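Coordinates in review
What follows is the residue order along each chain.
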Amino acid sequence: MNISVVGTGYVGLVTGTCFAEMGNYVICVDVNEDKINKLNNGIIPIYEPGLERIVIENNKADRLIFSTDIKNALEKTDICFIAVGTPMGEDGSADLQYVLAVAEEIGKHITKHTYIINKSTVPVGTADKVRETVSRVLQERGADISFDVISNPEFLKEGAAVNDFMKPDRVVVGADNERALDVMRELYAPFTVNHERFIAMDVRSSEMTKYAANSMLATKISFMNEIANICELVGADVNKVRVGIGSDSRIGYSFIYPGCGYGGSCFPKDVQALVRTANKNGYEPKLLEAVEAVNYDQKKSIPRKIFKKFGEDLSGMTFAVWGLSFKPETDDMRDAASITIVKELVAKGAKVKAYDPKAFHEAQTCYLKDVEGIEYLDSKYTALTGCDAMILVTEWKEFRSPDFDEIKKRLKNPVIFDGRNQYSSKKLHEMGFEYFQIGVMPK
Ligand code: NAD
Ligand code: UDX
């Protein structure tokens with residue numbers, strides 16, 4: 001099949017590459033020339049495990065093309081995915097300007113029947129807006145060309161994006177006719193070959209499914225963070241409670257890890273957007289509002305523990321921060337807890353020495369660019385030298401079983417604040433560390 005994917009970010013690049021890997025001809029389009037130039041020179045603009053090899057292989061095989069020319073892409077293909085960003089707008093709603101700008105371009109340039117597939121996360125009713133936009137532009141052109149608008153939300157997780165796309169739990173497709181559904185079934189057949197994982201529904205339900213899924217996962221995390229906060233107060237250990245409740249198959253073990261708050265490009269903005277959608281329709285979703293409020297507060301849980309231990313004036317103190325990305329195996333820092341933590345500490349006069357295996361560039365050029373008092377070190381151990389305490393923010397594998405003797409030697413005080421509950425408190429206490437976790441009363 002001949003496919004264009006408009007928007008070559010985390011989702012668009014993975015989507016386009018995985019379709020090419022299955023033998024399709026794919027053109028990935030982006031307005032960002034720098035990104036397209038890099039990709040054409042074999043440089044992958046994001047860090048995503050397993051992606052580089054298949055991008056380069058499929059590009060070399062001329063099945064995967066990178067271009068800024070949407071007109072040419074639409075002429076050569078008859079399936080067009082929209083995979084541009086839908087960031088949080090000023091009032092918390094999803095900002096649809098990029099999606100609708102692509103719809104305009106599609107209206108301007110299609111020359112034959114095109115299946116327009118919305119992969120961006122968009123509020124219910126967006127497919128109608130895309131349809132109206134394309135129809136209006138076609139009418140202005142005086143062109144009589146048919147098209148379908150299909151909803152196909154994406155459920156991949158960063159850090160495991162290629163695997164999630166190649167072996168999806170499910171493929172959700174919303175369409176208003178059987179012909180469109182058949183095309184989507186054919187397109188996804190190689191990915192769903194051993195199990196029936198193709199779930200067809202109407203367009204609005206499909207759009208809603210994405211928000212419902214992310215909100216459910218975010219709810220599990222905020223729920224667990226509340227339990228953790230109560231555990232701390234009453235002397236229970238959330239690490240044990242987590243295992244205790246996860247063993248109930250109705251609850252399950254996944255997404256109940258307490259921590260310093262969820263981040264990333266999806267949960268924060270999608271929960272907010274769903275709240276706004278509900279508000280606009282005259283409903284106040286109290287549970288979803290609380291999910292977001294708990295998370296906002298949870299990002300401050302580590303700074304709160306630090307203030308409790310060292311006081312609110314941190315001038316003259318330095319903290320080592322391990323991990324800046326919003327989770328391991330990605331360089332993405334969108335809405336990362338590290339941003340809140342670093343800013344809170346610096347605001348109280350502290351200095352920060354940070355180390356992250358992949359997210360330095362994002363931190364320095366964007367998310368912490370205006371923060372003074374942060375120094376970036378090239379190894380986890382050098383970041384510790386002379387610091388008053390170490391803070392684990394992102395549970396990268398290389399942080400999971402570090403050399404605690406080395407940590408103790410380098411720190412001024414043997415104090416660890418762990419935002420991801422990674423270490424054995426017994427071992428650390430025996431070694432003379434003061435060890436603070438989420439959801440465990442400090443000893
Ligand atoms: P991203 O910011 O990484 O990428 C978006 C890309 O679109 C950018 O490269 C940008 O230059 C490009 N773009 C913007 N306007 C354009 C235009 N008019 N024409 C061509 N390209 C244009 O975003 P992302 O993380 O890939 O997310 C894309 C969508 O997928 C969002 O709606 C998001 O909610 C959803 N989603 C993201 C994830 C994830 O883990 N990142 C997972 C599932 C769904
Ligand atoms: C999420 C959804 O999982 C994915 O299905 C959707 O398509 C996009 O949004 P992503 O944002 O890439 O994916 O990462 P995810 O693994 O879901 O983690 C999100 C955040 O939740 C991270 O900050 C992570 O640290 C946090 N988290 C996750 C917890 O705090 N506890 C958990 O138990 C799980």
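Refer to the structure presented above.
Residues numbered from 1 in each chain as written. Chains lettered and ligands numbered in written order. Predicted model: local features only at pLDDT ≥ 70, side-chain atom pairs only at ≥ 80, totals over all residues. Heavy atoms only, no water.

A full pass over the atoms with the stated rule returns 31 salt bridges. With a shortest N-O distance of 3.2 Å, Lys 71 and Glu 75 are connected by a salt bridge. You can see Lys 71 and its partner Glu 75 sitting in helix 4 (residues 70-76), 4 residues apart, about one turn around the helix. By relative accessible area, Lys 71 is classed as partly exposed at 42%. With a relative accessible area of 36%, Glu 75 lands in the partly exposed category. Across the pair Arg 185 and Asp 182 runs a salt bridge whose closest N-O atoms are separated by 3.1 Å. Within this pair, Arg 185 and its partner Asp 182 are both found in helix 8 (residues 178-188), separated by 3 residues, close to a single helical turn. We classify Arg 185 as partly exposed; its relative accessible area is 35%. (Salt bridge = Lys/Arg side-chain N within 4 Å of Asp/Glu carboxyl O. Helix = DSSP H or I, 4+ residues; strand = E, 2+ residues; numbered from the N terminus. Buried < 20%, exposed > 50% of the residue type's maximum accessible area, 1.4 Å probe, protein only.)

Inspection of the region around ligand 1 gives 26 residues, with Asp 30, Lys 35, Thr 86, Glu 158 and Lys 269 positioned closest. Contact between ligand 1 and Asp 30: an oxygen atom at 2.6 Å from a side-chain N or O atom of the residue. Broken down by secondary-structure element, the contributors of at least two residues to the shell around ligand 1 are helix 1 (10-21) and helix 5 (97-109). Of the residues belonging to the shell around ligand 1, the class tally is 10 nonpolar, 9 polar and 7 charged. When we break the shell around ligand 1 down by domain, the ones giving at least three residues each are domain 1 (2-201) and domain 2 (211-296). (Near = heavy atom within 4 Å. Polar contact = N/O pair within 3.5 Å; in protein donor to acceptor, adjacent residues only side chain to side chain. Nonpolar A, V, L, I, M, F, W, Y, C, P; charged D, E, K, R; others polar. Domains from an automatic or database assignment.)

Let us look at the sheet that holds strand 11 (residues 374-376). Taken in spatial order, the 6 strands line up as 11-10-9-12-13-14 in an open sheet, and their pairing is parallel. Every other strand in the sheet has two partners, leaving strand 11 and strand 14 (434-436) as the edge strands with one partner each. For this sheet, the mean inter-axis angle between neighbouring strands, taken without regard to orientation, is 20 degrees. (Pairing = 2+ DSSP bridges. Axes fitted to C-alpha atoms, helices over the stretch in contact; angles between N-to-C directions.)

We now examine helix 13 (residues 301-310). Taken residue by residue, helix 13 has Ser 301, Ile 302, Pro 303, Lys 305, Ile 306 and Phe 307 as its buried positions. Looking one or two places after helix 13, you find Gly 311, whose phi comes out positive at around 90 degrees.

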